[in-house]
Amino acid sequence: MAGGPVDYPVHAFAAVEADEPLAYYGLAWRFGRCDLWLSVVDASGSKRCAIRVVREARRMLKVAMALGEARVFCIRDEYPNSRKLLGAVGFRYLGDVAVTMDDGSEAVKEEWVYG
């Protein structure tokens, strides 16, 4: 899924329903901080998918806090509901940041923080 070797610590999970993956998610420690990441497999899923995303994100935050993290960051994706979902989880918008995409290109994305 990462498209290459991962040289930083991660906790990775999959949300599965009826033997089909809904999303991959977890925590990654890189750039001197803890990031929550989520990769939706099928965004056309039911409303239950959004509830599952919020539930699993909250579970990841509990894991991060149990591991001693005071703050957890997240870069918002392009899905229209992701802003609403981040707010429901308890994240707050920090501002726009430049990020390097998998293909090496640069993009400006929203950075959110919890804690």
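Everything numeric here is computed off the predicted structure, so don't read it as measured data.

(A) The overall build of the protein, seen in detail. Counting its regular elements, the protein contains two helices and six strands. Ordered by position from the N terminus, the helices and strands of the protein form the series β-β-β-α-β-α-β-β. On C-alpha atoms alone, the protein measures out to a radius of gyration of 14 Å, which is about the 13 Å that the 2.2 N^0.38 rule sets for 115 residues. Contacts in the protein between residues at least 24 apart in sequence constitute 44% of all its contacts with a sequence separation of at least 6. Of the roughly 7400 Å² that the protein leaves accessible, carbon and sulfur atoms contribute 54%. Measuring between centres, the 15 positive side-chain charges of the protein sit 10 Å from its 16 negative side-chain charges.

(B) View of the state of the cysteines. Evaluated as defined, the whole model comprises zero disulfides. Cysteine Cys34 shares no disulfide, and the gap to the nearest cysteine sulfur, in Cys74, comes to 10 Å. A relative accessible area of 10% places Cys74 in the buried class.

(C) Fine view of the side chain of Ser82. Within the secondary structure, Ser82 is located in helix H2 (residues 82-89). What makes Ser82 buried here is its relative accessible area of 11%. Polar side-chain contacts of Ser82 include one of 2.9 Å to the side chain of Arg76. Filtering out sequence-adjacent residues up to four positions away, Ser82 remains in contact with Arg76 and Asp77.

(D) How the structure looks around the confidence of the model for the protein. Taken residue by residue, the protein gives an average pLDDT of 87. The fraction at 70 or more is 92%. The secondary structure element of the protein with the lowest average pLDDT is strand S1 (residues 10-17), at 86, and the one with the highest is strand S4 (residues 72-75), at 96.

(E) Examining the pattern of salt bridges more closely. One pass over the structure, following the stated rule, counts five salt bridges. Arg76 serves as the salt-bridge partner of Glu110, at 2.8 Å between the closest nitrogen and oxygen. Note that Glu110 is positioned in strand S6 (residues 106-114) and Arg76 in the loop between S4 and H2, a separation of 34 residues in sequence. Judged by its relative accessible area of 18%, Arg76 is buried.

What counts as what
Residues numbered from 1 in each chain as written. Predicted model: local features only at pLDDT ≥ 70, side-chain atom pairs only at ≥ 80, totals over all residues. Heavy atoms only, no water. Helix = DSSP H or I, 4+ residues; strand = E, 2+ residues; numbered from the N terminus. Rg over C-alpha atoms; globule rule 2.2 N^0.38 Å. Contact = heavy atoms within 4.5 Å. Areas by Shrake-Rupley, 256 points an atom, 1.4 Å probe, with all protein chains shown as cover. Lys, Arg positive; Asp, Glu negative; His and termini not counted. Charge placed at Lys NZ, Arg CZ, Asp CG, Glu CD. Disulfide = S-S within 2.5 Å. Buried < 20%, exposed > 50% of the residue type's maximum accessible area, 1.4 Å probe, protein only. Polar contact = N/O pair within 3.5 Å; in protein donor to acceptor, adjacent residues only side chain to side chain. pLDDT = per-residue confidence, 0-100. Salt bridge = Lys/Arg side-chain N within 4 Å of Asp/Glu carboxyl O.

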